[in-house]
Each structure stands twice: as C-alpha cells, then as structure tokens.
Amino acid sequence: MDHTKRDKYNAASVVEGDINISPARREWLQNEVSEETKELLEKDAKYFMHQSMSTPCLDVLQSCEGSHMISVSGKKYLDFHGNNVHQIGFSHPKLIARLTEQLQNLTFSTRRYANTTAIKFAEKLTSFTPKGLNRILLTPNGSSAIGIALKLARAITGKHKVISFWDSFHGASLDAISVGGEAVFQEHMGPLSPGVERIPPPITYRGIFERNEDKALEYLQYVLEKDPQIGAFLAETIRNTDVQIPSKKFWKAARDLCTKHGVLLILDEIPIAFGRTGTMFAYELFDIEPDILCLGKGLGGGIVPQAAIVTREEYNKFAHISLGHYTHEKSPLGSMAGLTLLEVLEEENILQKVKEDQEFMRKALNKMHRRYSLIGDVRGVGLLWGIELVTDRITKEKATSEAEEIMYECLKQGLSFKVSKGNVLQLSPPLTITREELEKALEILNEAFLKTNAIA
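Just so you know, these numbers come straight off a predicted model, no measurement behind them.

1. Considering the nonpolar core
Then comes step 1: Phe233, Phe274, Phe417, Leu445 and Phe449 are the most contacted members of the largest nonpolar core, which has 94 residues in total.
Then comes step 2: Broken down by element, the residue count for this core peaks at 8 residues, all from helix α9 (residues 332–347).
Then comes step 3: Look past the residues within four positions of phenylalanine 233 in its chain and what remains in contact with it is Ile163, Phe165, Leu220, Trp251, Ala254, Cys258, Val263, Leu264, Leu265 and Ile266.
Then comes step 4: Ranked by size, the runner-up nonpolar core spans 23 residues in total, among them Ile146, Leu150, Ala307 and Tyr315.

If you want it as structure tokens, here you go:
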C-alpha cells in the first residue's frame with residue numbers, strides 16, 4: 001500500500017470511529033456481503049436514520065453466542081467491540097435461564113412498588129463498592145445515569161458548573177454531549193448546557209500534556225482555584241475509546257484536589273467496569289474512591305439495557321425531588337440481568353482470568369509494536385487495548401487510511417473491532433474469551449498488518 005496517499009476526511013468525522021460513508025465501506029458492501037444481505041442492508045438504510053458510525057451498516061446479524069456473532073449468510077465474527085456490553089460474552093446460558101424464569105413471573109414493576117429482584121440486585125452491587133458508597137439509582141441507559149449524576153451534584157453542592165476533559169465521551173443525549181468533549185456529537189446542536197469547563201486530558205502519547213501529567217494537574221488545580229462555582233469533576237477513569245490510562249499519581253492528586261475544593265468526583269465507568277480492567281471497577285487500580293459512580297452497558301449482561309449510579313450514604317437527602325424517575329427504573333428484567341452478571345463474574349473467577357489475559361495481550365501486542373513500523377504506541381490494561389497507528393513514529397502523523405484498511409482486512413477474516421480517533425485500533429473482547437480465540441484474533445491482526453507492508 002502507498003502510505004503517502006491520505007484520505008481527505010473532515011477531522012471531526014474521524015474523531016470517534018471508523019467512517020461508515022467512506023469508499024472503503026462502499027467497497028465492503030459491494031464485494032464482501034451476500035445478495036440477501038445487501039437487500040436487508042438496503043431496507044435498513046431506508047427505514048433507520050443515518051448517523052455517524054452507524055448506518056450504513058456492515059452486515060446483518062442472525063445470532064450471537066460467546067465471543068462470536070454470526071451473520072444471516074453464516075459468516076462468524078470474533079467481536080472485539082460488542083458496544084462494551086459483552087463482559088460475560090453473548091447469550092450466557094445462566095443469564096438466558098434467569099431472564100426466562102423472570103419473564104414467567106414479574107415482568108414489570110410499577111412505580112411506588114418494590115420488587116425482590118431489584119432489591120437483591122442493589123444489595124449485590126453495593127457489596128462490591130467501598131463502605132459508605134452504598135446508595136443507588138437505576139436507569140435504562142448510560143446517558144441517563146450521567147444525567148442523574150449531574151443533577152445530584154447540583155443538588156448536593158448548590159453549584160451548576162462542571163469540569164470535564166476534551167475528547168471525553170459521556171453519552172449521546174443533549175445533557176451528556178454538553179459535558180462531553182467530542183466534536184462529532186456537538187455539530188449542529190447549537191447552545192449546550194451552560195457551565196461546562198473542559199480541560200485537556202492527561203495522555204501518554206500525543207497531546208499538549210504528553211508524558212507530563214504534572215502539567216495536567218496544574219491545569220486542573222488552576223481552574224478549580226479560579227472558579228469557586230465548580231461543583232463537580234466528571235471524567236472517565238480510563239478513556240475507553242482510544243484507551244488512555246492516567247497514572248495512579250494523577251488520580252490520587254486529582255482526588256485530593258476535588259476534596260480540597262469541595263468538588264464532587266464523578267467517575268464514568270459505563271463502558272469499562274465489571275472486570276474489564278482486571279478489577280471490578282477501574283478506580284480500584286488507582287486507590288481512589290469517587291463521590292458518584294456511573295455504570296451501564298455490560299451491567300445488563302449484553303441483553304437488557306441497564307445502568308445505574310452509586311453514591312454516598314450522606315447524599316441520600318433529596319426525597320423531595322425526582323433525580324431519576326424513569327419508567328423502567330426498577331426493571332425486574334434489568335435487575336435480574338445485573339444480578340446475574342455479578343454472580344457470573346464471581347462464579348467463573350473472571351477477574352483473575354482477565355489479569356492472566358492481560359499479560360498475554362501485553363506480550364503479544366508489544367511484539368507487534370516492535371515488528372511493525374505502522375504502530376506508534378500500544379497501551380492497555382486487562383482486556384482493553386489500543387493500538388495507535390502512525391505513518392511516521394517521529395512526527396506521529398495519524399495513519400487513518402491504514403487503520404481503515406486493516407480493519408476491513410480483519411473483518412474479511414472474521415475479526416470485528418472498533419477504530420477510534422481515526423487511527424486507534426481498539427480491542428475490547430468478551431472477558432470470557434478463550435485463549436485459543438485470543439490467539440486466533442491476533443493471528444488475523446498480524447496477517448492484516450503484513451498485507452499493509454508495515455514491517456519495520
């Protein structure tokens with residue numbers, strides 16, 4: 001491949017994922033799917049709103065199980081994306097059985113009535129959080145969990161201003177994109193919620209604070225000292241999209257700054273909690289505690305939409321206002337999914353497995369880094385990894401065309417993953433994935449790199 005040829009996409013269009021309107025996508029749809037699939041995809045494109053990173057779709061799925069999804073034409077994909085909901089894989093048999101049992105009993109819980117399943121779920125969830133971090137509200141999706149957290153922070157502090165990071169993602173609703181930092185979600189949206197102060201994130205590869213977290217901390221401290229109206233600091237503990245991992249030093253110092261200035265620390269772990277990092281929650285890696293924890297995605301076991309916030313006992317003092325009040329708040333099905341997820345993680349010793357898989361992935365991906373000049377950086381923890389592609393390791397120019405080429409080559413061979421920031425291959429497999437499946441995925445990835453002539 002000619003690495004001097006660059007695709008000329010708008011910079012904002014590649015800020016989050018692969019480009020579903022690119023020539024490569026059109027070529028894929030023309031050459032790599034069956035006639036039956038083409039007809040179905042045409043209907044899909046006819047009825048569903050088109051949007052970035054979505055329609056037109058790649059394929060039409062028939063079923064999913066374990067680490068795989070299977071298309072209507074019988075093609076199997078190892079799913080290293082899964083929308084971050086597949087911690088226990090797809091269609092886990094225990095979860096299917098428990099949800100089937102729940103469907104035969106209580107299917108909906110009308111407001112003002114409790115249900116045993118939701119109570120057991122709340123009890124189980126808070127058994128994993130630190131003492132005092134034991135009050136929860138449930139909601140069907142992560143964006144709503146962020147909204148609840150922001151409302152609760154205003155009620156607690158009496159302040160409406162929030163600090164967040166540029167390039168962060170906290171959901172797609174209007175309030176969530178207001179505190180998020182990705183341009184693709186804010187285009188055409190006009191005035192957003194006021195009072196959001198965005199600061200550059202601490203990242204280890206590229207960016208104005210590259211390998212200098214002290215400067216990032218200075219910036220955070222400066223803003224907190226200048227604006228006493230800030231009531232909350234909302235951040236992803238680890239940035240999921242392109243796998244940016246701050247140090248323990250950064251997070252402990254940031255936690256101390258929040259405490260000093262009376263600012264609530266809201267940690268968004270919607271995509272990365274429940275074992276993805278080898279710990280139940282990512283904040284455990286940094287020896288800190290949040291004031292409000294936002295959870296979702298995998299909490300529903302990859303079947304039922306389920307999210308939650310967990311907060312401190314002393315903040316349970318707003319019975320006179322509605323912080324969540326969602327129709328499916330204490331969903332028996334969502335609660336059963338969450339309860340079963342947590343049980344499976346324990347019963348199958350998933351956290352220990354992820355720690356072992358982490359070392360396997362680290363060695364394999366570092367070997368690829370040494371071998372392929374196209375790889376500028378490899379970073380990750382647990383079963384969350386990012387491979388950043390560059391055309392030159394000195395200038396660090398993003399290899400966007402090459403990232404897309406590798407993605408489609410992997411899709412042809414049955415490996416699906418997400419491209420983030422235009423040039424980062426994000427690998428997020430099910431936590432239940434077998435070692436054989438991991439090896440197969442890396443074999444496919446290596447073959448794709450070889451086809452780009454990327455050897456150093």
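2. Structural notes on helix α5 (residues 142–157)
Then comes step 1: The first and last C-alpha atoms of α5 sit 23 Å apart over 16 residues, in line with the 22 Å expected at 1.5 Å per residue.
Then comes step 2: Taken together, the buried positions of α5 are occupied by Gly142, Ser143, Ser144, Ala145, Ile146, Gly147, Ile148, Ala149, Leu150, Leu152, Ala153 and Ile156.
Then comes step 3: With a side-chain oxygen lying 3.3 Å from the backbone nitrogen of serine 143, the N-terminal cap of α5 falls on asparagine 141.
Then comes step 4: A positive phi of about 70° marks glycine 158, the residue just after α5.

3. A closer look at the sheet that holds strand β5 (residues 161–165)
Then comes step 1: Strands sit in the order β4-β10-β9-β8-β7-β5-β6 across an open sheet of 7 strands; the sheet is mixed. The sheet terminates laterally at β4 (135–139) and β6 (196–199), the two strands that pair on one side only. The sheet shows a mean angle of 20° between the axes of neighbouring strands, direction not considered.
Then comes step 2: Direction of pairing for β5 relative to strand β7 (residues 230–236): parallel, over a ladder of 3 bridges. Pairing of isoleucine 163 across the sheet is with phenylalanine 233, part of β7.
Then comes step 3: α5 rests against β4, β5, β7, β8 (264–268), β9 (292–295) and β10 (307–311) of the sheet, and its axis sits at about 25° to β10.

4. Description of the side chain of threonine 37
Then comes step 1: Residue placement: threonine 37 occurs in helix α2 (residues 35–47).
Then comes step 2: In this structure, threonine 37 is in contact with Asp59, Val60, Val72 and Ser73, ignoring residues within four places of it in sequence.

5. Some remarks on the packing of helix α3 (residues 93–103) against α9
Then comes step 1: Between α3 and α9, whose axes approach to 9 Å, the crossing angle comes to 150°. Classified by the angle between their axes, α3 and α9 sit roughly antiparallel to one another. Judged by the sense of rotation from one axis to the other, the crossing of α3 with α9 is right-handed. Two secondary-structure elements touch here, α3 through Lys94, Leu95, Arg98, Leu99, Gln102 and Leu103 and α9 through Pro332, Leu333, Met336, Ala337, Leu339, Thr340, Glu343, Val344 and Glu347.
Then comes step 2: For the contact of α3 with α9, the per-class residue count stands at 9 nonpolar, 2 polar and 4 charged.

6. Points about the packing of aromatic side chains
Then comes step 1: A full pass over the atoms with the stated rule returns 9 aromatic pairs.
Then comes step 2: On the numbers, 6.2 Å between centres and 35° between planes, the contact of phenylalanine 233 with tryptophan 251 is tilted. In this pair, phenylalanine 233 sits in strand β7 while tryptophan 251 sits in helix α8 (residues 248–260), placing the two residues 18 residues apart along the sequence.
Then comes step 3: Looking at phenylalanine 233, the relative accessible area reads 0%, which means it is buried.
Then comes step 4: Each ring, one from phenylalanine 274 and one from phenylalanine 281, has its centre 5.9 Å from the other, and the planes form 65°; the classification is edge-to-face. Accessibility assignment for this pair places phenylalanine 274 and phenylalanine 281 in one class, buried.
Then comes step 5: Pairwise contacts between aromatic rings join Phe165, Phe233, Phe250 and Trp251 into one cluster.

7. What to know about the pairing of β8
Then comes step 1: Buried residues dominate β8, accounting for 5 of its 5 residues.
Then comes step 2: Of the two faces of β8, both are covered, the one formed by Leu264, Ile266 and Asp268 as well as the one formed by Leu265 and Leu267.
Then comes step 3: Crossover handedness for the path β7 to α8 to β8: right-handed.
Then comes step 4: The pairing of β8 with β9 spans 3 bridges and is classified as parallel. When the sheet's bridge partners are listed, leucine 267 is paired in β9 with leucine 293.

8. Digging into the sheet that holds strand β15 (residues 424–427)
Then comes step 1: Reading across the sheet, the 4 strands line up as β11-β12-β15-β14 and stay open at both edges, with antiparallel pairing between neighbours. Unpaired on one side and paired on the other, β11 (375–381) and β14 (418–420) mark the two borders of the sheet. When the angles between neighbouring strand axes are averaged without regard to direction, this sheet yields 25°.
Then comes step 2: With 3 bridges connecting them, β14 and β15 associate as antiparallel partners. From the neighbouring strand, valine 419 faces β15, where its bridge partner is leucine 425.
Then comes step 3: Each of β11, β12 (384–389) and β15 touches helix α10 (residues 350–371); the most contacted strand, β11, lies at about 175° to it.

Cut-offs and rules
- Residues numbered from 1 in each chain as written.
- Predicted model: local features only at pLDDT ≥ 70, side-chain atom pairs only at ≥ 80, totals over all residues.
- Heavy atoms only, no water.
- Core = buried A, V, L, I, M, F, W, Y, C linked by side-chain atoms within 4.5 Å.
- Buried < 20%, exposed > 50% of the residue type's maximum accessible area, 1.4 Å probe, protein only.
- Helix = DSSP H or I, 4+ residues; strand = E, 2+ residues; numbered from the N terminus.
- Contact = heavy atoms within 4.5 Å.
- Expected span 1.5 Å × (residues − 1).
- Polar contact = N/O pair within 3.5 Å; in protein donor to acceptor, adjacent residues only side chain to side chain.
- Pairing = 2+ DSSP bridges.
- Axes fitted to C-alpha atoms, helices over the stretch in contact; angles between N-to-C directions.
- Parallel < 35°, antiparallel > 145°, perpendicular 65-115°, else oblique.
- Left-handed = near helix turned anticlockwise from the far one by under 90°.
- Nonpolar A, V, L, I, M, F, W, Y, C, P; charged D, E, K, R; others polar.
- Phe/Tyr/Trp six-rings, centres within 6.5 Å; stacked < 30°, edge-to-face > 60°.
- Right-handed = clockwise from strand over helix to strand, strands pointing away.

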